[in-house]
Amino acid sequence: MSIRVDGTTFSLETKNTLYQMKADAYGVLKHLWYGAKTSQDMEYLLDYPDVSFSGNIYDVEDNRTYSLDTMPLEYSTEGIGDFRISSVGIRYENGASALDLRYENHEILPGKYSIPGLPAVYAEDYEAQTLAITLKDTASDIRVILKYGVLPDFDVITRSAVITNNGHGNVMILRAHSLCLDIPYGKWEWVHFHGRWGKERTPERLPLLHGIQESSSKRGTSSHHHNPSVLLCQEGCTETSGTCLGAVLMYSGCFQAQVEYDQLNQTRLVMGMNPHMFRWELEPGKSFYTPEVILSLSTSGMETLSHQFHRIIREHVCRGKYKLIERPILINNWEATYFDFNEEKLLDIARGAAELGVDMLVMDDGWFGKRDSDNSGLGDWYVNKNKLPDGLEGLVKKVNDLGMEFGIWFEPEMISEDSDLYRTHPEWTIRIPGRQPTRSRFQLVLDMSRQDVRDYLFDVMSQILGSANITYVKWDFNRSVSDWYSELLPASRQKEMPHRFVLGLYDLMERLTSAFPDILFEGCCGGGGRFDAGILYYCPQIWCSDDTDAFERTQIQYGTSFFYPISSMGSHVSAVPNHQTGRITSIKARAVTAMSGSFGYELDLNKLTQEEKNEVKFQIGLFKEYGPLIHNGKYYRLSNPFRDNYAVWQYVSQDQKKVLIQGLIFRTEPNMLRYPIHLRGLDPDKKYRLREDGVIYSGNALMNGGILMPKCFGDYVPVELYLEAIDA
Ligand code: DGJ
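Quick look at the structure, then. By convention here, each chain's residues receive numbers from 1 onward along its written sequence. This being a predicted model, a pLDDT of at least 70 is required before a residue's local features are given, and a value of 80 or more before pairs of side-chain atoms are given or counted; all residues contribute to the totals for chains, interfaces and linings. To obtain the side-chain values, all non-hydrogen atoms of the structure were used and water was disregarded.

Here's the deal with the packing of aromatic side chains
Any two aromatic rings considered together are summarised by their centre-to-centre distance and by the angle between their planes. Under the pairing criterion, centres of Phe, Tyr and Trp rings, with the six-membered ring standing for Trp, must be within 6.5 Å; the plane angle then separates stacked pairs below 30 degrees from edge-to-face pairs above 60, leaving the rest tilted. Tallying each qualifying case throughout the model produces 35 aromatic pairs. Here Phe309 and Phe563 contribute two aromatic rings whose centre-to-centre distance is 4.8 Å and whose plane-to-plane angle is 90 degrees, an arrangement assigned as edge-to-face. In this pair, Phe309 sits in helix H1 (residues 301-316) while Phe563 sits in the loop between helix H9 (550-560) and strand E29 (569-574), placing the two residues 254 residues apart along the sequence. Note on Phe309: relative accessible area 0%, which makes it buried. Think of it in three bands: with a 1.4 Å probe and only protein chains considered, a residue is buried below 20% of the maximum accessible area for its type, exposed above 50%, and partly exposed in between. Judged by its relative accessible area of 2%, Phe563 falls in the buried class. Ring pairs connect the aromatic residues Phe193, Phe309, Tyr558, Phe562, Phe563 and Phe642, which therefore count as one cluster. Think of it as a cone above the ring: NZ of Lys or CZ of Arg counts as a charge over the ring if it is within 6 Å of the ring centre and within 35 degrees of the ring normal. The ring of Phe458 has Arg511 sitting right over it, with the charged end atom 4.5 Å from the ring centre. Geometry around Phe562 places Arg637 over its ring, the cationic atom sitting 3.8 Å from the centre. Runs of E in the DSSP output that reach at least two residues are strands. Runs of H or I that reach at least four are helices, and both are numbered from the N terminus.

Here it is, written out as structure tokens:
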């Protein structure tokens, strides 16, 4: 049993962790513990100081030590004396906003709960249990059900809340976070993942400052700028030692993660939809569901935490036929042609790629409507016959005849003013009446909260996808959303738009992925602007970044790897000089970096030298061999590419018999010693043979002494070493 209830103390046990809380004599749900597994009631750790200016709930009479402002709580509220970050806020018809939640009842259910309209971790009944604790406001008929999914074997606990209005009047939900986690003790550091277009998910680790620190998005997407994931590490925590916990929000829209370090040096983490971009009018009898947060904790450093997240996301977030199988190696024409292509050019690229062993051609932006630049055509999802005279059917057949599969690009949620769709349905666009809308990439955004918009997109996309043998879709999104307004919503509901937009996106994704189960959907948002666990529920891979430079990618993929599995990162070899940075790296350096993901090419391979073509053919062969190890093995960050002169990482098969080390050494110095890199996760007693020269090493030596990296000459020197255990 992973959920134990003793009176009103709730213990959620996973293989290595314990999460504990208790509804006390007043019904207040206090947080007791999230950490290493113990069989103890951890309430003994709570202290009740008499803190001036931290008031007391009425029921405790003159007990000045019982204050919601100082206690660790399971779900903080506002208006009743907890002055730290609140998780939920409600405004009543009389304008007051306060919520005093007390325990009412609980239930334990087999399996993992799901959330209507939203992605959530899924599991078989034997893999998970659900605890639902109902809290009720003391003065109104608002109830909050806190849901906990416990997946013991994964060391994962999920959180989500349901807010129900059992009263007679409408209430306004002002904020509704998915997670509140109070940590009364310890010195914690906050790691968040920030960035911008082309430079996503840069980890930043900072000691907590007293007060509130935040990472968030108001852009309508989870964003390039902050990822909806947070890592809290105890001071001194490393890849391999120390306690850390991670929280990943399964949501693709405006979010907020805040960490508060309070007057008593306690830490509170809250995470959920961004309250600045949210209101929800809740009618009597109605419920509101928050998105889910995936929580996990490690007492042996960040590497274990990453393994836990990789496993849960790969196996219990990603769905469908492609979630665990090897994905096709693809060639995408975007950086090879941009908008300037026609059937002949595409077939030329495809022929060159087929000869070298590539599995699929992906036709990117520009195949539809009037789309010769990014100024027009979005919304007109019908084939441009000037570019593709034989239509999609003809082109796809010719590609298939080369022995390749075919994939296609869409940007469903967007509309160009110069499009037939806009001329017919200007009202489908998000814009505020009486104001000129903000353009970005000269495009506007469709109102995804509207059923008619979603139906149009479903029909037109289904028509295209059913018209030829298409087995892959790249689903792009190339701007931040502003000018929020929907013609169909009353004034009191306009602030629901950012969330309704995401619900609309998920609805369309659910319909299309169910209607086309044999299609591999790849998420994209100008690269990795929507790299989140919400999208991964529908698309098992996401284009990691528009920056395809090998050096830059080592950093972007390093940051992404803290939470997201390697198989989820779309990663391509592109041309040099690199289109984003102008940097020149060898074809091998580019391949080694791109292999750390769902692998592909994005250039015209016909333009390579014969020597480079041979290397491409060789690398494709290698990836066919290494792919299963890269995607199913355990991933180890052996360096920090933001600090070290090299980026080196390692994959170890689950049975510890196969080991692949890849990376780049950034700069050569004269007379330098070769770097010894300490491997991890091997069997110390096994012997491993290095494929390159047949030398045999013990696992023990490789982990303690390390293995020497190749001799360097030049910059961005690729590293690729493969070891296999031998029977001694
Ligand atoms: C942004 C994507 O990230 C690129 O790969 C490409 O598909 C362009 N959009 C096309 O407009």
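We are not done yet, so read on.
Focus: the side chain of Thr429
Topologically, Thr429 is positioned in the loop between helix H5 (420-424) and strand E25 (444-445). Its relative accessible area of 5% is what places Thr429 among the buried residues. For Thr429, the side chain forms a polar contact with the main-chain oxygen of Pro426, separated by 3.1 Å. Ignoring anything within four residues of it in the chain, the contact list for Thr429 reads Ile415, Tyr422, Leu444 and Val445. In the analysis that follows, any N or O atom pair within 3.5 Å is treated as a polar contact, provided that within protein one partner can donate a hydrogen and the other can accept it, and provided that, for residues neighboring in sequence, both atoms belong to side chains. Note on contacts: a residue pair is in contact if any heavy atoms of the two residues lie within 4.5 Å.

Considering the site of the ligand
Close contacts around the ligand come from 13 residues, with Asp364, Asp365, Lys474, Asp476 and Asp546 the closest. At 3.1 Å from an oxygen atom of the ligand is found a side-chain nitrogen or oxygen belonging to Trp409. One of the side-chain nitrogen or oxygen atoms of Lys474 is found 2.7 Å away from an oxygen atom of the ligand. Contact with the protein chains hides 99% of the accessible area of the ligand, taken as 290 Å² for the molecule alone. Partitioning the shell around the ligand into residue classes produces four nonpolar, three polar and six charged. We define proximity as follows: a residue is near a molecule or strand when any one of its heavy atoms falls within 4 Å of that partner. All accessible-area figures derive from a Shrake-Rupley calculation using a 1.4 Å probe, and residue coverage is judged against the displayed protein chains alone. Under the scheme applied here, ten amino acids are nonpolar (Ala, Val, Leu, Ile, Met, Phe, Trp, Tyr, Cys and Pro), four are charged (Asp, Glu, Lys and Arg), and all others, including Gly, are polar.

Quick look at the environment of Val259
Take Val259: it is sitting in strand E16 (residues 255-261). Overall, the relative accessible area of 0% leaves Val259 in the buried class. Those residues in contact with Val259 that sit more than four places away from it in its chain are Ile85, Trp190, Leu208, Gly211, Ile212, Gln213, Leu232, Thr267, Arg268 and Leu269.

Comments concerning the sheet that holds strand E36 (residues 696-698)
We call two strands paired when DSSP finds no fewer than two bridges between them. Strand order across the open sheet formed by six strands is E31-E32-E33-E38-E35-E36, with antiparallel pairing between neighbours. Each edge of the open sheet is held by one strand with a lone partner, namely strand E31 (634-637) and E36. Within this sheet the neighbouring strands show an average axis-to-axis angle of 25 degrees, counted without direction. Sheet topology note: the E31/strand E32 (residues 646-652) ladder contains four bridges and is antiparallel. Bridging across to E32, Tyr635 finds its partner in Tyr651. Strand contacts of H9: E31, E32 and strand E33 (658-665), with the helix running at about 125 degrees to E33, the strand carrying the most contacts. Only the contacting stretch of a helix is used when fitting its axis, a line to C-alpha atoms as for every element, and angles between N-to-C directions run 0 to 180 degrees. Against the sheet, helix H10 (residues 587-594) engages E32, E33 and strand E38 (717-726), with an angle of about 55 degrees to E38.

Details of H10
Most of H10 sits inside the fold, with seven of its eight residues counted as buried. Of all the positions in H10, only Ile587, Ala589, Arg590, Ala591, Val592, Thr593 and Ala594 are classed as buried.

With respect to the nonpolar core
Taken as a class, soluble globular proteins show a tendency for nonpolar side chains to be buried jointly. Here, the term nonpolar core denotes a set of buried Ala, Val, Leu, Ile, Met, Phe, Trp, Tyr and Cys residues that are joined through side-chain atoms within 4.5 Å. Within the largest apolar cluster, 195 residues are counted, with the highest numbers of intra-cluster contacts made by Trp367, Ile408 and Tyr601. The greatest single-element share of this core, amounting to eight residues, is contributed by helix H7 (residues 497-515). Once residues lying within four places of it in the same chain are set aside, the contact partners of Ile408 are Val362, Met363, Trp367, Leu392, Ile464, Leu465, Ile470, Tyr472, Val473 and Lys474. The next biggest cluster of nonpolar side chains, apart from the first, holds 23 residues, and it includes Val648, Val652, Ile665 and Ile707.

Re the pattern of salt bridges
Definition used for salt bridges: Asp or Glu carboxyl oxygen within 4 Å of a side-chain nitrogen of Lys or Arg. One pass over the full model with this rule turns up 54 salt bridges. Between Asp365 and Arg441 there is a salt bridge, with its nearest N and O atoms 3.8 Å apart. Residue Asp365 is located in the loop between strand E22 (360-363) and helix H4 (391-401), and its partner Arg441 is located in the loop between H5 and E25; the two are separated by 76 residues in the primary sequence. The closest approach of N and O atoms between Lys387 and Asp372, which form a salt bridge, is 3.2 Å. One end of the pair, Lys387, is in the loop between E22 and H4; the other, Asp372, is in the loop between E22 and H4, with 15 residues separating them in the sequence.

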